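# Reading the structure
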Amino acid sequence: MKGFELQGITRDFAHPTPHAVLRGIDLTVTAGELLSLVGPSGSGKTTLLRIIAGLDRVFGGKLIWPDGRRPTTAMVFQEPRLVPWLSILDNLLLVAGEASRDEATVALAEVELAGSEHAFPGQLSGGMQRRASLARALLTRPALLLLDEPFISLDAACAGRMRRLLATYWQKHGVTIVLVTHDLREAVELSTRIVALSPQEGRLMKEVPLPLPRPRADAAIDEALAGLRALTDGWPQPSDSSDSASARCGPTTAQTSHFSRARSRFLALSRSIA
Ligand SMILES: Nc1ncnc2c1ncn2[C@@H]1O[C@H](COP(=O)(O)OP(=O)(O)OP(=O)(O)O)[C@@H](O)[C@H]1O
Ligand SMILES: [Mg+2]
């Protein structure tokens, strides 16, 4: 794969009220890089990933692929998307093909799911489903791998092992990766470059190259992190209870009143049926 380019990407949504999410995103992703995309909740990270994946085609601007078409792409969604009536192993075989049974078994063992191959998704924890989704994506050997907060519900030790698995996979296969994360430390540990979306304007706020040697020692990560604090300037803080901060994190006032009108209509309808 030769990398790709985003030119002036914009995305507006009409519902529940018209709002702009992305505004003029320009970004070149180099072949074989492991790019982290960070930004506060609601800043448009998933929206941008879905556009890159080709799942959302209603955007402004251009996505430019060197050979004119998107390379083989795999995506790990923010919420694991496994077929509920297939076993975990069959979920992997559904995309990789029956001939990949041995490889799929190895891929599941690598994400510490040996022994759970024949369980159904509903019988696994959220973190186990997330790891199964990661195994499924890696198994397809994509040229482009899109990861939306893949380690979010894992305990710290397990997340650390999964990050090392991903780093080893990336180095071995030379895949291009775009990783969405809230965790700056994770981004510093893994990435060749971090790009941050601004909290309000839907623009790229900053790009930070990370030419640190690998594997990255804790001390080197701490030092790089100290220089990156400005990246989170303007992100809503847990202690920040001002109206503007809570509005950025949750629904807007217009969205809230839309939801409360919908709720009233639903309750009235329920009463009329009863
Ligand atoms: N299909 C949709 N219809 C309407 N609004 C949408 C839709 N998808 C996303 N949005 C809005 O776009 C904004 C950005 O959403 P997005 O999911 O990209 O944020 P995010 O940065 O991934 O957040 P998080 O870190 O919480 O996952 C939000 O305000 C969201 O409500
Ligand atoms: Mg998201």
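Quick notes on the rules
Residues numbered from 1 in each chain as written. Chains lettered and ligands numbered in written order. Predicted model: local features only at pLDDT ≥ 70, side-chain atom pairs only at ≥ 80, totals over all residues. Helix = DSSP H or I, 4+ residues; strand = E, 2+ residues; numbered from the N terminus. Buried ≥ 20, exposed ≤ 12 C-beta atoms within 10 Å, placed from the backbone. Contact = placed C-beta atoms within 7 Å. Core = buried A, V, L, I, M, F, W, Y, C linked by C-beta atoms within 7 Å. Near = placed C-beta within 6 Å. Nonpolar A, V, L, I, M, F, W, Y, C, P; charged D, E, K, R; others polar. Pairing = 2+ DSSP bridges. Axes fitted to C-alpha atoms, helices over the stretch in contact; angles between N-to-C directions. pLDDT = per-residue confidence, 0-100.

## Quick word on the overall build of the chain
Across its full length, the chain carries nine helices and nine strands. Classification of the 274 residues of the chain by burial places 30% in the buried group. Pairs at least 24 apart in sequence give 69% of the contacts found in the chain among residues at least 6 apart.

## Quick look at the nonpolar core
Core analysis: the largest hydrophobic core is formed by 54 residues, its most contacted members being L37, L108, A135, I177 and L179. Among the elements that make up this core, the one with the highest residue count is helix α4 (residues 126-139) (seven residues). Apart from the residues within four sequence positions on either side, L179 is in contact with L34, L35, S36, L37, L147, L190 and S191.

## Some words on the site of ligand 1
In the vicinity of ligand 1, the contacting residues are F13, H15, V21, G39, S41, G42, S43, G44, K45, T46, T47 and Q78. Residue contributions to the shell around ligand 1 peak at three residues, all from helix α1 (residues 45-53). In terms of residue class, the shell around ligand 1 is made up of two nonpolar, nine polar and one charged.

## Description of the sheet that holds strand β2 (residues 19-29)
What the three strands build is an open sheet, ordered β2-β1-β4; its pairing is antiparallel. Pairing within the sheet leaves two strands with one partner each, and these edge strands are β2 and β4 (60-64). Direction aside, the axes of adjacent strands within the sheet are offset by 15 degrees on average. When strand β1 (residues 4-13) meets β4, the two strands line up antiparallel, connected through four bridges.

## So, unusual backbone geometry
Cis geometry marks the peptide bond from H15 to P16; its omega dihedral reads -5 degrees. Within the secondary structure, P16 sits in the loop between β1 and β2. Positive phi outside glycine occurs at E112, with the angle close to 65 degrees. Assignment of secondary structure puts E112 in the loop between α3 (101-110) and α4. Positioned with a positive phi, R141 is a non-glycine residue whose angle comes to about 45 degrees. Along the polypeptide, R141 turns up in the loop between α4 and β6 (144-148).

## Comments concerning the confidence of the model for the chain
Averaged over every residue, the pLDDT of the chain is 88; residues scoring 70 or more account for 86%. Contacts from residues 241-256, a stretch scored under 50 in pLDDT, to residues over four places away or in other chains number 18 contacts.

## Comments concerning the environment of D155
The residue D155 is located in the loop between β6 and α5 (156-173) in this model. For D155, a count of 9 C-beta atoms within 10 Å gives the class exposed. Taking the C-alpha atoms as reference points, D155 and G127, 28 residues apart in sequence, are found 8.5 Å from one another.

## Considering the sheet that holds strand β8 (residues 193-197)
Spatial strand order, β5-β6-β7-β3-β8-β9: six strands in an open sheet with mixed pairing. Looking at the sheet topology across the chains shown, the edges are occupied by β5 (73-76) and β9 (204-209). Strand-to-strand twist of the sheet, defined as the mean angle between neighbouring strand axes without regard to direction, takes the value 15 degrees. The pairing of strand β3 (residues 34-38) with strand β7 (residues 176-180) spans four bridges and is parallel. The partner of S36 across the bridge, within β7, is L179.

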